[in-house]
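# Coordinates in review
Letter by letter, the chains look like this.
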Amino acid sequence: MKQLMLGNEAVARGLYEAGCSVISSYPGTPSTEITEYASKYDDMYSEWAPNEKVAMEVAIGASIGGKRSFCAMKHVGLNVAADPLFTVAYSGVNGGMVIAVADDPGMHSSQNEQDSRHYAIASKVPMLEPSDSSECLAFTKLAFEISERFDTPVILRLSTRIAHSQSLIETADRIVPMQKEYIKNPAKYVMMPAMAKARHVVVEKRTLDLVEYAETSTVNKVIMNNSKIGIITSGTSYQYAREALGDEASYLKLGMVNPLPIKLIQDFASKVEKLYVIEELDDIFETHCKKIGLNVVGKDIFPVIGEFSQNLIAQKMGAAINDTLSLEETIPVRPPVMCAGCPHRGMFYTLSKNKVMVSGDIGCYTLGAQAPLQSIDTTICMGASISGLHGFNKAMGEKGEKSSVAVIGDSTFMHSGITGLANIAYNNSNSTVIILDNSITGMTGHQQNPTTGYNIKGEPATKISLEKLCEAVGINRVTVVDPYDLKRCDEVVKEELAAEEPSVIIARRPCALLKSVKHKPALHVVNDSCKGCKSCMKIGCPAISIRDKKAVIDKTLCVGCGLCQSLCAFSAIHEGEEA
Ligand code: SF4
Ligand code: SF4
């Protein structure tokens, strides 16, 4: 049956049809929906793991156990999972194993723009790259076949546009292969030096076999049209090039982007007058072409930064640019802000007021860096807030210890904050860590995590106590505070910064957008009482604005959290109906 599907949903469908049995992922835009959709199929076991490394190791274990397995992550998640990736590349698989990684050219929701093809090359793992939802489904199934045929994990590379675009797919039935027998085989699965040396030989031979496969497999397609221009491309760039140049060019569309074929590319090059390589981000195909002696035009005209588009390709290649409609009016800039009633706002206000240096982390709370709070000083990667704070304080000494904190969300703390906290306790660091516990994984769209008490299907699960966990890694001072209580937040931050030992403050209040959170009625400003002092504006709530020199609260946004009320020295903000 034909259906319109998101690329991510089509990957999930591919997992189902391929008979995948075990799925473990950590959410990360733009890959999150793969596992969310997969969890709706009751025939497959799905879970959120605490981080991508754990997710990949779960998939490896399931594969060794003889079943088809899968894990998904965003590009930076693959950094976290790189350790098991490079070794499972040596050990190979038993049941087929597929790893989906979603790159984010243009950095719509990421802290960098890395090109995951480098990982496939470096780890010597085959990588497939679909160009639409239909290929997302087909390549997922093909990836399992390649995995089992060549005894290797296979990476499925997506990009934001493929993961989040819809196109037609055709569904088929689920076919579950027989579970493969697990046979003890230390030479294959115990990667000590002696075994690993032998497996490296196997990996190099496998790469040669995969190159042979890439030469003839239908996963790579030649579309011959006008022979004046030949284009080597893949993924979303193929769609853009087809739209920009149509039949005016011939195409070698690479579905397998690692390892790359040699003869197929040389043969295609021999049939066209001028050869172009169109690839988003780095010059991987181009370098390969040049290495095999071809004269190609690539990054000399196409950028290595940001997303491509139909018009960019048309412009760079001197083709006609399609007319587009543009809006005459200037639309006001709407930077992302923390939601009205966001529980993080109270703690960031407190930190900003106390002029504290804030070592930040990855999550919706990174918005605390925006005006007017401007509270966050650094953001590097998942978990870096805590370990970075420790390093900062070792460099700064007491001056740093008394005026700096780390902030990290509950999910990010479980992902990779625990080890940083253990380091603080173990290495005698007088550092203050604030866990912003909004009881959900917020930024990626409300996924459960080990501290929420629910699993991926919303069923009750073991709820890990953050307090007990912090105490267990050696922190004696653990205080829980309500971030809506500004007075108490201020007291606790001051107390813990002054303390002579490491401490953790858990600022706990569920995300204001959770369905389970019951909001209070909206507040209102009594116009005659308001002096227009703008104190209530200091928290940056999107529900408050100043009109005619008086504060106004938008009833449709306000959730009655009371933060603004506690800042008004003139008692101008009231509950109940406006008089
Ligand atoms: S009570 Fe004030 S701070 Fe809270 S949501 Fe309403 S306007 Fe915003
Ligand atoms: S803090 Fe009170 S007085 Fe000042 S602008 Fe806001 S509502 Fe008006």
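Here's what I pulled together on the structure shown here. (Residues numbered from 1 in each chain as written. Chains lettered and ligands numbered in written order. Predicted model: local features only at pLDDT ≥ 70, side-chain atom pairs only at ≥ 80, totals over all residues. Heavy atoms only, no water.)

## Considerations on the site of ligand 2
In the region of ligand 2, the neighbouring residues are C530, K531, G532, C533, K534, S535, C536, A551, C568, F570, A572 and I573. Of the residues assigned to the shell around ligand 2, the class counts are 8 nonpolar, 2 polar and 2 charged. (Near = heavy atom within 4 Å. Nonpolar A, V, L, I, M, F, W, Y, C, P; charged D, E, K, R; others polar.)

## Concerning the site of ligand 1
In the vicinity of ligand 1, 14 residues are found, and the nearest of them are C541, C558, C561, G562 and C564. A breakdown of the residues in the shell around ligand 1 according to their chemical character gives 11 nonpolar, 3 polar and no charged.

## Some points on the sheet that holds strand β15 (residues 404–409)
If you trace the 5 strands from one edge of the open sheet to the other, you get β14-β15-β16-β18-β17, paired in parallel fashion. Two strands in the sheet have a free side with no partner beyond their single neighbour: β14 (357–359) and β17 (477–481). Neighbour to neighbour, the strand axes of the sheet diverge by 25° on average, direction disregarded. Pairing of strand β16 (residues 432–437) with strand β18 (residues 503–508), which is carried by 6 bridges, proceeds in the parallel orientation. Of the residues in β18, the one forming a bridge with L436 is A507. Along the sheet, helix α15 (residues 344–353) makes contact with β14, β15, β16, β17 and β18, crossing β16 at roughly 155°. Where helix α20 (residues 486–498) meets the sheet, it contacts β15, β16, β17 and β18, and its direction lies at approximately 170° from that of β17. (Pairing = 2+ DSSP bridges. Helix = DSSP H or I, 4+ residues; strand = E, 2+ residues; numbered from the N terminus. Axes fitted to C-alpha atoms, helices over the stretch in contact; angles between N-to-C directions. Contact = heavy atoms within 4.5 Å.)

## With respect to the nonpolar core
Within the largest apolar cluster, 58 residues are counted, with the highest numbers of intra-cluster contacts made by M347, F348, L351, F413, V433, I434 and V504. Residue contributions to this core peak at 5 residues, all from α20. In this view, M347 contacts I434, L436, V481, P483, C489, V493, I505 and A507; residues no more than four positions away in its chain are not counted. (Core = buried A, V, L, I, M, F, W, Y, C linked by side-chain atoms within 4.5 Å. Buried < 20%, exposed > 50% of the residue type's maximum accessible area, 1.4 Å probe, protein only.)

## Concerning the environment of R547
Mapped onto the secondary structure, R547 falls in strand β20 (residues 544–547). Assessed through its relative accessible area of 53%, R547 is described here as exposed. It is 71 Å that separates the C-alpha atoms of R547 and K205, two residues lying 342 residues apart in sequence.

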